[in-house]
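Structure at a glance
So you can see what is in the structure, the chains are spelled out below.
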Amino acid sequence: MKQLLTALLGLTFLCCNTSSIAEDTSDIVFSTLPITPINNGGSCFGAGDRVALGFHTPKGDNYHLDRMRLVLEDVSQSPSTPFTVYLHADEHGSPGEELMIFGEGVGRWSGANTVDEYAIEATDTTKLNQDTTYWIVLGSSSNSNCAFGWSHSGEDPLGSIFSYAGERRSNDGDSWFIIYGFHQVQLEASPIGRVDRNK
């Protein structure tokens, strides 16, 4: 009887405590985050102005993009200014069709400009196809066209699983011009097949 009770308790633990032993299966697939943090400003985005960074997925695996980490300077002069992270398709080497709103965040201005890392979780299942270029596009509904700066001077992402496809800026959301600077971002994704996120 004692052995049976012990076995039942063990099964109860396994049944009811799976969340405590579940593993995060995301990999860091692309990063320009510097080893030593560089807290600086960068390319402005806000009302009408957007900034973009492109990446290219490798052949062989499709991925779910789970989250990204961005380093931003909040220069909005207003508390709780929202910003939005979009995912766009590629069109002739610049952001094309908007595929989805990846996620949203709120600035941390508190009487002075602040530079912070923001962790943005995917709001929906985000499938990335193999051997395809995508663009991360940052925007804000702020009245200022320079509510945030996307911190630059990051590390060269050479060696990342996803490859670097360039950086762009737009004053109207339609016409894009080339910028440089390795704006600071880290992408975390899971190869499809490792975890079925639709169950």
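Preceding this section is the structure that the text describes.
To start, this report covers the structure provided alongside it. (Residues numbered from 1 in each chain as written. Predicted model: local features only at pLDDT ≥ 70, side-chain atom pairs only at ≥ 80, totals over all residues. Heavy atoms only, no water.)

1. Comments concerning the state of the cysteines
The final tally for this structure, using the stated rule, is one disulfide. Two residues, Cys 44 and Cys 146, share a disulfide whose sulfurs are 1.9 Å apart. Residues Cys 44 and Cys 146 are joined through a disulfide that is left-handed, its torsion about the S-S bond being -45 degrees. Placement of the pair is Cys 44 in strand S2 (residues 42-45) and Cys 146 in the loop between strand S9 (133-139) and strand S10 (148-151), with a sequence separation of 102 residues. (Disulfide = S-S within 2.5 Å. Helix = DSSP H or I, 4+ residues; strand = E, 2+ residues; numbered from the N terminus.)

2. Thoughts on the nonpolar core
Met 68, Leu 70, Trp 150 and Leu 187 are the most contacted members of the largest nonpolar core, which totals 30 residues. At five residues, the largest contribution of residues to this core is made by strand S4 (residues 63-74). Counting residues in hydrophobic clusters, the runner-up holds five residues, among them Ala 52, Tyr 86, Val 137 and Trp 176. (Core = buried A, V, L, I, M, F, W, Y, C linked by side-chain atoms within 4.5 Å. Buried < 20%, exposed > 50% of the residue type's maximum accessible area, 1.4 Å probe, protein only.)

3. Notes on the sheet that holds strand S6 (residues 94-106)
Taken in spatial order, the six strands make up an open sheet running S6-S5-S9-S3-S11-S12, and their pairing is antiparallel. The strands lining the two open edges of the sheet, one partner per strand, are S6 and strand S12 (177-179). Strand-to-strand twist of the sheet, defined as the mean angle between neighbouring strand axes without regard to direction, takes the value 30 degrees. Note: strand S3 (residues 50-56) against S9, six bridges, orientation antiparallel. Within S9, the position partnered with His 56 by the bridge is Thr 133. (Pairing = 2+ DSSP bridges. Axes fitted to C-alpha atoms, helices over the stretch in contact; angles between N-to-C directions.)

4. Overview of the environment of Thr 123
Among the structural elements, Thr 123 can be located in the loop between strand S7 (114-121) and strand S8 (127-128). In sequence terms Thr 123 and Phe 102 are 21 residues apart; their C-alpha atoms lie 6.0 Å from each other. For Thr 123, the contacting residues outside a window of four places in its chain are Met 100, Ile 101, Phe 102 and Gly 103. Within polar-contact distance, the side chain of Thr 123 engages the backbone oxygen of Ile 101 at 3.2 Å. (Contact = heavy atoms within 4.5 Å. Polar contact = N/O pair within 3.5 Å; in protein donor to acceptor, adjacent residues only side chain to side chain.)

5. A short note on the pattern of salt bridges
Note that side chains of opposite charge can pair when their charged atoms are close. Per the stated rule, a full pass over the model turns up six salt bridges. With a closest N to O distance of 3.1 Å, Arg 169 and Asp 49 form a salt bridge. On the criterion of sequence distance, the pair formed by Arg 169 in strand S11 (residues 163-170) and Asp 49 in the loop between S2 and S3 is long-range, its members being 120 residues apart. Put simply, Glu 188 and Arg 69 hold a salt bridge, and the shortest N to O gap is 2.7 Å. On the criterion of sequence distance, the pair formed by Glu 188 in strand S13 (residues 185-191) and Arg 69 in strand S4 is long-range, its members being 119 residues apart. A relative accessible area of 8% places Glu 188 in the buried class. Salt bridges here are not isolated pairs; linked through shared partners, they connect Arg 67, Arg 69, Glu 117, Glu 121 and Glu 188. (Salt bridge = Lys/Arg side-chain N within 4 Å of Asp/Glu carboxyl O.)

6. A few points about the packing of aromatic side chains
When we look at a pair of aromatic rings, we describe it by the centre distance and by the angle of the planes. Tallying each qualifying case throughout the model produces seven aromatic pairs. Measuring from centroid to centroid gives 5.4 Å for Phe 45 and Phe 148, while their planes differ by 15 degrees, and the two rings are stacked. A residue pair is termed long-range when its members are at least 10 positions apart, and Phe 45 in strand S2 and Phe 148 in strand S10 qualify at 103 residues. For the pair formed by Phe 45 and Phe 148, the shared burial category is buried. Seen from their ring centres, Phe 83 and Phe 148 are 5.3 Å apart, and the 70 degrees between their planes marks the pair as edge-to-face. Of this pair, Phe 83 sits in strand S5 (residues 82-91) while Phe 148 is found in strand S10, placing the two residues 65 residues apart along the sequence. (Phe/Tyr/Trp six-rings, centres within 6.5 Å; stacked < 30°, edge-to-face > 60°.)

7. A word on the pairing of S5
Counting buried residues along S5, seven of its 10 residues qualify, which places the element largely inside the surrounding structure. Alignment of S5 against S6, held across nine bridges, turns out to be antiparallel. Looking at S6, one finds that Leu 87 is bridged to Met 100. Two successive antiparallel strands, S5 and S6, enclose a turn made up of two residues, where His 92 displays a positive phi of approximately 55 degrees. Alignment of S5 against S9, held across six bridges, turns out to be antiparallel. Residue pairing for S9: His 88 is matched across the bridge by Trp 135.

Any functional reading would require information beyond the geometric quantities listed.
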